[in-house]
Amino acid sequence: MGAARQRGTFALRGSESLVVRGQAPSIATYAATVHRTTVPEALRQTGTITTAKGVRKSELVYVVGGTGCVNEGDVAWRKWTLSDPDIADDVEDPVTELDDFAAYAKSAKVSRTGSGGPR
């Protein structure tokens, strides 16, 4: 067995908001670095979740094959499978997103409308 083949290192940023009628939206932001390899297929994600109240919580995610472990803040490590819908959203796999986009791009049909010439 040789060394792992690196597929990429990615910087991620995102946000989520929860809106409850009659209350101000609750917004959380997320920033992480993801290291992804293909042989073996594995992912390591280190990040920070920041709530609207400014509370910061670290998150560490490891995934090898279809099994992963996550540690958020001071909570004990949790082990799970990616088929578990309650945990699959915690894994931000940019390679999967890029693969999905590439498949979409290959299947897209482009048509031109209008005269198409310079004016």
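These remarks concern the structure in this document. Throughout this document, residue positions are counted from 1 along each chain, in the order its sequence is written. Per-residue local features of the predicted model are confined to residues with pLDDT of at least 70, and side-chain atom pairs are confined, for both listing and counting, to 80 or more; whole-chain, interface and lining totals are unaffected and use all residues. Note that water and hydrogens are dropped before the side-chain values are worked out from all heavy atoms of the structure.

Once that is clear, we can look at the side chain of Thr50. Under the DSSP-based scheme used, a helix requires at least four consecutive residues in state H or I and a strand at least two consecutive residues in state E, with every element numbered from the N terminus. Note on placement: Thr50 falls in strand β3 (residues 41-50). Any two residues whose heavy atoms approach within 4.5 Å at even a single point are treated as in contact. For Thr50, the residues in contact, after removing those within four places along its chain, are Ile27, Ala28, Thr29, Val55 and Arg56.

The salt bridge criterion pairs a side-chain nitrogen of Lys or Arg with a carboxyl oxygen of Asp or Glu, the two atoms within 4 Å. Applying the stated criterion across every chain yields a total of three salt bridges. One salt bridge in this structure joins Glu72 and Lys57, with 3.7 Å as the shortest N-O distance. Note that Glu72 is positioned in strand β5 (residues 67-72) and Lys57 in strand β4 (residues 56-64), a separation of 15 residues in sequence. With a closest N to O distance of 3.8 Å, Glu72 and Arg78 form a salt bridge. Taking relative accessible area as the criterion, Arg78 reaches 37% and is therefore assigned partly exposed. Here the salt bridges share partners, and the residues they tie into one network are Lys57, Glu72 and Arg78. For every residue, the accessible area obtained with a 1.4 Å probe (protein chains only) is divided by the maximum for its type, and the residue is called buried under 20%, exposed over 50%, and partly exposed between those limits.

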